[in-house]
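Each chain is listed here by its residues.
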Amino acid sequence: MNQSKEPPGGTQMPMIRPLPGWLAIVLVAGTSAAVLVLEILAGRLLAPYVGVSLETYTGIIGTILAGIAFGAWAGGYLADRIDPRRLLPVLLMLGGALAITTIPVVRVIGNGSSGGGGLMILILAAFGFLPAATVLSAAPPAVIKLQLRDLAQTGATVGQLSAWSTAGAIFGTFFTGFVLVATAGVATLIVATGLLLLASGVALAFFAGSVTASPQQQVTELMGISGLAAMSIFGTVAIESPCEIQTSYYCLSVAEEADDPTRTILVLDDLRHSYVDVDDPSVLAFWYVRRMVDAIELAPAANDIVYLGGGALTIPRYVRDSAPGTNQIVFEIDGDLIDVVENQMGLDRNAPEPIQIVIGDARLALDDVADDSADIVIGDAFGSRSVPFHLATEEFIGDIARVLRPGGTYAVNIIDGGEQRFLAAEAATIARVFDHVVVIRGEAIAAGRRGNAVIIASDTPIDAVALDALRIANNDPGEVVGDFAAFVDGATILTDDFAPVDQLINAGS
């Protein structure tokens, strides 16, 4: 059967031999895997600029899907007009170069942005990752074009290659999420992916490329794309990353005070998370930390304390220094973070007064804590735009109440925008479990700007006047919410089934 085609314009396109079956499978699976590798890594690359939230991944997934859709259309269109054997090496090499370009593009735009939000997420995702996703997604249609030789087998050929393409995407997702991110930094992984695609494109051009392209044309294409890749690698090196260390969960850096290197600040993604004076644990630099310490000091008992989220362990260090003998257990999801805090921020978990640290998700870990075993639970796992919603729901608050002894205290740090919708929702949710709830707002959030607040709850009355007196004694700004019922009126109750925390926290930012 004559399978040559007459494309638009009337030029007869010669018969082009198909690729070996194994090579066709490798190409469709490999390019699809590369797209999903970039999609997973995009979340970590964007995190220092827009945080990690449902909105972040929504923007990334939607952008990558747009690239896949447009790339599939463009790849099919081009394959009908250009020898696919000539087109495929170019797509691989250009896709690799554009993959490397994502790093300097995101860093330049991110460093020039003033904050997160849906629009900035879409801008970073589109300018950073849409080009690479589009180009790489154009490869499978070109491969399919090459392999179609018998109309009677069209369905089987397209179905088989589509299945392998999807399998490649699945592999790229699992391998990146479960393996790659734990082995190297995000920039290293992206550059490695890009270089692998470039090398694959070069190999394909010289060993299975088009006979219609002259060696001079192939060299020109290779030099042009290699130049783009080289400039992207240079940009990656020249434009400093905001991350000192990239863990599986955070873009992390530790900064020292200019005039006192014993005082260090831990930055997680886009948030100044913790401040520690290695020589003096009594230094509590952050407003919200002082409010939670006030809650500890006014609690009826503080012999056993559970922490949901560790950070640099500022409060556990303070308690160990000021109240020796207190039993403290910290649940922290990121083991690499704890290693950094030990190595760079002077934490000695095995000091004469040890602090027990459990690596794992706080909600899962709390299941193993006995009923009525804690006097105080401290919640410090919420970031500025990163809220693990399952730690904010009524069901989880009920589990906190389970581990607290009668008269026990729950204190949680909240970061919210000026409209305070998340703060009100979390306060209302906590009030569904605890009879007594006090909200203390920091200066910024009370003035309608993004900032901190602390919620304190118990099943026994809380002395709000004494809490406010401690704040005033520290010369700290802020206020205790006077009319709690009015503050939470109409607020969303957060449950495992419905907890739109990302939307609430970004309102009025």
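Each remark here, short or long, concerns the structure printed above.
I will try to describe carefully the structure that is included in this document. All of these numbers come straight from a predicted model, not from anything done at the bench.

**Concerning empty space enclosed by the protein**
This model, assessed by the stated rule, comprises five cavities of 30 Å³ or more. Space inside the largest cavity adds up to approximately 140 Å³. Surrounding the largest cavity, 18 residues form its lining, Y288, G310, T314, I315 and D380 being those nearest its centre. Mapped by element, the contributors of at least two residues to the lining of the largest cavity are β4 (271-277), α9 (287-298) and α10 (314-322). A per-class count over the lining of the largest cavity returns twelve nonpolar, five polar and one charged.

**With respect to the packing of helix α1 (residues 21-50) against helix α6 (residues 154-178)**
Running from N to C, α1 and α6 point in directions that differ by 35°, and their axes come no closer than 7 Å. Handedness of the α1/α6 crossing: right-handed. From α1, A24, I25, V28, A29, S32, A33, L36, V37, I40 and L41 reach across to α6, where they touch L161, W164, S165, G168, A169, G172, T173, T176 and G177. Tallied by class, residues from the contact of α1 with α6 come to twelve nonpolar, seven polar and no charged.

**What about the pairing of strand β10 (residues 436-441)?**
Burial analysis of β10 places five of its six residues in the buried class, which makes it a mostly covered element. Bridging between β10 and strand β11 (residues 451-458) involves six bridges; their strand directions are antiparallel. Within β11, the position partnered with V437 by the bridge is A457. Relative to strand β12 (residues 479-480), β10 runs antiparallel, the two being bridged by two bridges. Bridged to R441 within β12 is E479.

Conventions we followed
Residues numbered from 1 in each chain as written. Predicted model: local features only at pLDDT ≥ 70, side-chain atom pairs only at ≥ 80, totals over all residues. Heavy atoms only, no water. 1 Å grid on protein atoms, 1.4 Å probe; cavity = no way out; pocket = protein on both sides within 12 Å on 5 of 7 lines; lining within 4 Å. Points joined across faces, edges and corners; volume = space filled by probe spheres on them. Helix = DSSP H or I, 4+ residues; strand = E, 2+ residues; numbered from the N terminus. Nonpolar A, V, L, I, M, F, W, Y, C, P; charged D, E, K, R; others polar. Axes fitted to C-alpha atoms, helices over the stretch in contact; angles between N-to-C directions. Left-handed = near helix turned anticlockwise from the far one by under 90°. Contact = heavy atoms within 4.5 Å. Buried < 20%, exposed > 50% of the residue type's maximum accessible area, 1.4 Å probe, protein only. Pairing = 2+ DSSP bridges.

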